[in-house]
Amino acid sequence: MERHFTVAIDGPSGAGKSTLAKAVAQKMGALYLDTGAMYRAVGLAALERGTDMADQDQVAGLLESLQVDVRYQDGGQRVYLNGQDVSEAIRQPRVSSAASQVSAVPAVREKLVAMQRQIAQGKSVVMDGRDIGTKVLPDATLKIYLAADLEERARRRHRELRDKGLPDSYEQVRRALEKRDHDDSCRAASPLCQAADAVALDCTRLSQEQTVERVLDLLRQRLGVEA
């Protein structure tokens, strides 16, 4: 068994990447990194400062005054923006769209990818995002492309938002996901796509537990260890 391993989980918004990555990391004693939260932090900053997110120079100019930190507290990941805990604030629906826009800016991706690689250095780590297997961890031990159909993703995201007391309707959530899919797949900088050596896993009809077990089985096979 190799000393350290890396797992890259990519896929569209609402597929369950973060839930899967957290569970796999916990089961395997690895570090979990939600890279999307880092882009959300930049998106939140852009919203708060009234930045024109269609202007890449304006967005890139934000980076000089932003400090995005990922800290691990009480077994979970917390995201700090210029010293302030924004872990809950970045989960607002409006921030999701902003994150997609700022993530299309090459300077933003360059800065955050460098941070993500630094965090992963010398550790067993599970990361989820949209360009983990293609850009951040191109030599990952295991790459997963997690997918689910749009309707199922919208149902899951709507349920999640409803449980948090956020009032968006199912149709609003579905339209937002559809737009996010288009924006993420069509951007010039690191578009969402399946790495050539990634294992495609459609979890539309799988339970969370079944999805986790599929990935754990694949990882154990790669590492040559028993369940």
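Scroll up for the structure.
What counts and how
Residues numbered from 1 in each chain as written. Predicted model: local features only at pLDDT ≥ 70, side-chain atom pairs only at ≥ 80, totals over all residues. Heavy atoms only, no water. 1 Å grid on protein atoms, 1.4 Å probe; cavity = no way out; pocket = protein on both sides within 12 Å on 5 of 7 lines; lining within 4 Å. Points joined across faces, edges and corners; volume = space filled by probe spheres on them. Helix = DSSP H or I, 4+ residues; strand = E, 2+ residues; numbered from the N terminus. Nonpolar A, V, L, I, M, F, W, Y, C, P; charged D, E, K, R; others polar.

Trainee: How do you make sense of empty space enclosed by the protein when you look at a structure like this?
Mentor: This model, assessed by the stated rule, comprises 2 cavities of 30 Å³ or more. Taken as a whole, the largest cavity holds about 70 Å³ of empty space. Looking at which element gives the most residues to the lining of the largest cavity, the answer is helix α2 (residues 35–48), with 3 residues. In terms of residue class, the lining of the largest cavity is built from 2 nonpolar, 4 polar and 5 charged. Here the second largest cavity defines a volume of roughly 30 Å³. If you go around the second largest cavity, the residues you meet are Ala8, Asp10, Gly133, Lys143, Ile144, Tyr145, Cys193, Gln194, Ala195 and Ala198. Sorting the residues of the lining of the second largest cavity by element identifies β1 (6–10) and β7 (142–147) as the ones contributing at least two each. Of the residues contributing to the lining of the second largest cavity, the split by class is 6 nonpolar, 2 polar and 2 charged.

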